[in-house]
Amino acid sequence: MVDNQHARFPEPALTETALSEPAFSETRLSESATTDGPPSTATHAQALEVLRELVGNPTAGFHEGQFEAIEALVDGGRRALVVQRTGWGKSAVYFVASLLLRRRGAGPTLIVSPLLALMRDQVAAAARAGVRAVAINSANQLEWDTVREQLAADQVDVLLVSPERLTNPSFRENQLPELIRRTGLLVIDEAHCISDWGHDFRPDYRRIADLITQLPDTVPVLATTATANSRVVHDIEEQLGAGVLTIRGALGRDSLRLGVLSLPDAKQRLGWLLTHLADLPGSGIIYTLTVSAAEDTARLLAEAGHEVLAYTGRTDPADRERAEQLLKDNQVKALVATSALGMGFDKPDLGFVVHLGAPSSPVAYYQQVGRAGRGAANADVLLLPGAEDRDIWQYFATASMPSEEKAAAVLTALAEAGTALSTVALEARVDLRRTPLELLLKVLSVDGAVERVGGGWRSTGQPWIYDAERYQRISEARVDEQDSMVIYQDTAGCRMEYITSVLDDETAHACGRCDNCAGQWFRADIAEQATAAASQTLNRAGGVLEARLQWPSGMDRLGVPVKGKLKPGEGLAEGRVLARLTDLGWGGALRELFAAGAADRPVDPDMLQACVQVLREWGAGDSRNPGWSGVGRPAAIVSVPSRGKPELVGSLARGISETGRIPYLGELQLAHGGPTGSRGGNSAYRLAGVWDRLVVGPELEAALGSLQGGSVMLIDDIVDSRWTLTVAGRALRQAGAGAVLPLVLAQAG
Ligand SMILES: [Zn+2]
């Protein structure tokens, strides 16, 4: 239970990219603290008794650092930061401390924790030790009144709340002041979230810093996290206030056997999985970087007879819960998951973690692989990096930063409205999509520039200053982290030592088990039929492109006279897309084609062939889908005039016309200077940018007239909001096309 064998290893040399701050040796607990024998105070005896009830084991003892933290909180009334790997027993610290403080007459403990699932487990665990724990979160609104009554009657030892609760106006007004007055201990779980430098910084967590400043100095505060480098630790310490006791344990996990296998492409990586998944010990997790990759991989493995399930942000919550349970019970070999399978998932005997593509930071990677080998002596951890990883990191990174311009636009819109605006109403005023808009509003709200009220969001009139320097710093730190992941793949040294030293673990040392220490422990051969199956899956093309049925709201503000549903005779038929940009198979070729600065060129023959195959299947239909979406074989082809890729779109349209013997009638015409704006804006702005700007010219109109109501296939290169296609399709239908069937190479987003 006590990992003091690490202490005698020599200090590893820090690599270039490792952060240079010293790692808290002054506050750090000596690794050999417990070997001097336990402290024999009354607090220790009481704490031990409570711990034994909590874990249901009459001989249980504290891990090193646990009692020291409890003592600092209970006897010292101090602020403490515990940085210990998952499974070390952070919750034991706060439950034992809570109960001891309660026995000494303190008010209830307030625990801020981001995970509802985790809360359920914690409440149940606490009850076993006689801790009366209750939770307030968005999932149990019906119980709030009861909880309030219990609090008033002093019948609650521990109150768990989600960070989002802290930003809720009515909670802040009606309940928080009384809680702050009475709280005996404040616990901040997953405390790396309060740091800008944390890998999943959440604006809601910045409210916690306010909360700490409002607490009387005498109230102890405990912050806990499993993964934090020195920079994050510093930042949390600063927010906790003066005199923080930091207890930092070793990160290295002896049970993990790390390895990296670089393979040339996705086909080989999937081929490897198909060949070797069954050899991996027990059951585990296969992580992918994108939802599409998780779904494609899961499908491929399942078709080859492996018991796997996909688990992503797109998976229904009930299905996710079921999938987690099946993995816990070893009823599946693996879940193929995105980072959605994250904090809070606990399976001590997880046998392996394989990554198809590397996460963008050592912290994220370590957190994911650290789910394995907690309760087992051996667990295998293999990274199969991809050439496209960097592009994908970039893709996600640019989506998450607030921009000064967008923030100013939101503030101006709210100030001009003079009243509260809902997110939907804001979308017609600011060109931002739902998720980034909501994130930006949260940042502005934490900074005090806007506030959430009954009808939506309102400006507070407080000036807001864009902290360009801060965002610059954060974005530089992200690049450093990405570089560290690349070095991890290329290093010839011990991988465990590298990753734990990048995470500022003082005890980082060569593990003797990884592929660099002990030689390659995994096989690298790939069965021939496996690559064939993988390539079949990867080459499989064709996704459904659903038609827009509803105009965005608030279009009149943007000068577009539409609202509500599209009228019959206006909309598109269900279309087809070759692939999404994030797909494992065609995604790579498409990302290259649409990369910034990529030259326009005619469509590649293989890609054209794949499109023809998509059309063949579309035309044939199946049991669920009538051929040609039920509107009949297209009598003609029309293309969308492309601003960036005329050669690509033209050659695609001509190629399909020749192969399918369907006449190509040419392009629509640009009007009013053509579409404005670019991919990535919100729906309302995208529609306003294309409205009235794509029209049917006289020649095309004459040709359409001669079709006598036949269907038209509409070809474009890339689709995002679908408004270009919808506006083009509407123009075609008004000019006599009976139905419009869109076919597009790539789907973004
Ligand atoms: Zn090693």
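Computed from a prediction, not measured in an experiment: that's the story for all the values here.

Undergrad: Residues and numbers for the nonpolar core, please.
TA: Judged by nonpolar contacts, the single largest core of 39 residues is most densely connected at Ile70, Phe95, Val96 and Leu222. The element contributing the most residues to this core is helix H3 (residues 90-103), with nine residues. Filtering out sequence-adjacent residues up to four positions away, Leu222 remains in contact with Leu73, Ala80, Val82, Val93, Tyr94, Leu185, Leu186, Val187 and Ile188. Grouped together as the second largest cluster of nonpolar side chains are 36 residues, Leu110, Val161, Ile188 and Leu240 included.

Undergrad: Please set out the coordination of the zinc ion residue by residue, giving values where relevant.
TA: Note on the zinc ion: its protein donors are Cys494 (SG), Cys511 (SG), Cys514 (SG) and Cys517 (SG). The metal-donor distances range over 2.3 to 2.4 Å. For the zinc ion, the four donor atoms are set out with angles of 102 to 122° between them, so the coordination reads as tetrahedral. Sequence positions of the donors to the zinc ion reduce to the motif C-x16-C-x2-C-x2-C. You can call Cys514 buried: its relative accessible area is 0%. Exposure remark for Cys517: the relative accessible area of 31% places this residue in the partly exposed category.

Undergrad: Could you give me a rundown of the environment of Ala293, with the residues and numbers involved?
TA: Along the chain, Ala293 turns up in helix H12 (residues 291-303). Classification of Ala293 as buried rests on a relative accessible area of 7%. For Ala293, the contacting residues outside a window of four places in its chain are Thr288, Thr582 and Leu584.

Undergrad: Break down the side chain of Arg253 for me, citing the residues and quoting the values.
TA: Its place among the elements puts Arg253 in the loop between strand S7 (245-248) and strand S8 (256-260). Since its relative accessible area comes to 9%, Arg253 is described here as buried. When near neighbours in sequence (up to four residues on either side) are disregarded, Arg253 contacts Arg85, Thr86, Tyr366, Gly370, Ala372, Gly373, Arg374 and Met496.

Undergrad: So what about the sheet that holds strand S9 (residues 284-288)? Which residues, and what values?
TA: One open sheet holds the six strands; their spatial order is S8-S13-S12-S9-S11-S10, and the pairing between them is parallel. The open sheet has two free edges, formed respectively by S8 and strand S10 (308-311), since each of these has just one partner strand. Averaged over all pairs of adjacent strands, the angle between strand axes in this sheet comes to 15°, irrespective of strand direction. The pairing of S10 with strand S11 (residues 334-337) spans four bridges and is parallel. When the sheet's bridge partners are listed, Val308 is paired in S11 with Ala334. Helix H11 (residues 266-276) contacts S9, strand S12 (352-356) and strand S13 (379-384) of the sheet and is inclined by roughly 160° relative to S12.

Undergrad: Which residues make up the domain arrangement of the protein chain, and what values do they have?
TA: Splitting the protein chain by domain gives domain 1 (5-247), domain 2 (256-394 + 493-532), domain 3 (403-465) and domain 4 (540-747). Taken over C-alpha atoms, the centre of domain 2 sits 39 Å from the centre of domain 3.

Undergrad: Can you lay out the pattern of salt bridges for me, pointing to particular residues and giving the numbers?
TA: Enumeration according to the criterion identifies 24 salt bridges in this entry. In this structure, the salt-bridge partner of Asp157 is Arg102, at a minimum N-O distance of 2.8 Å. Residue Asp157 is located in the loop between helix H5 (144-152) and strand S4 (158-161), and its partner Arg102 is located in helix H3; the two are separated by 55 residues in the primary sequence. Arg102 matches Asp157 in its accessibility class, with the two residues each being buried. In this structure, the salt-bridge partner of Arg182 is Asp154, at a minimum N-O distance of 3.2 Å. In this pair, Arg182 sits in helix H8 (residues 176-182) while Asp154 sits in the loop between H5 and S4, placing the two residues 28 residues apart along the sequence. A relative accessible area of 39% places Asp154 in the partly exposed class. Salt bridges sharing common partners tie together Arg102, Arg132, Asp154, Asp157 and Arg182.

Cut-off values and rules
- Residues numbered from 1 in each chain as written.
- Predicted model: local features only at pLDDT ≥ 70, side-chain atom pairs only at ≥ 80, totals over all residues.
- Heavy atoms only, no water.
- Core = buried A, V, L, I, M, F, W, Y, C linked by side-chain atoms within 4.5 Å.
- Buried < 20%, exposed > 50% of the residue type's maximum accessible area, 1.4 Å probe, protein only.
- Helix = DSSP H or I, 4+ residues; strand = E, 2+ residues; numbered from the N terminus.
- Contact = heavy atoms within 4.5 Å.
- Donors = N, O, S within 2.8 Å, 3.2 Å for Na, K, Ca; no water.
- Tetrahedral: all angles 85-135°; square planar, octahedral: opposite > 155°, others 65-115°.
- Pairing = 2+ DSSP bridges.
- Axes fitted to C-alpha atoms, helices over the stretch in contact; angles between N-to-C directions.
- Domains from an automatic or database assignment.
- Salt bridge = Lys/Arg side-chain N within 4 Å of Asp/Glu carboxyl O.

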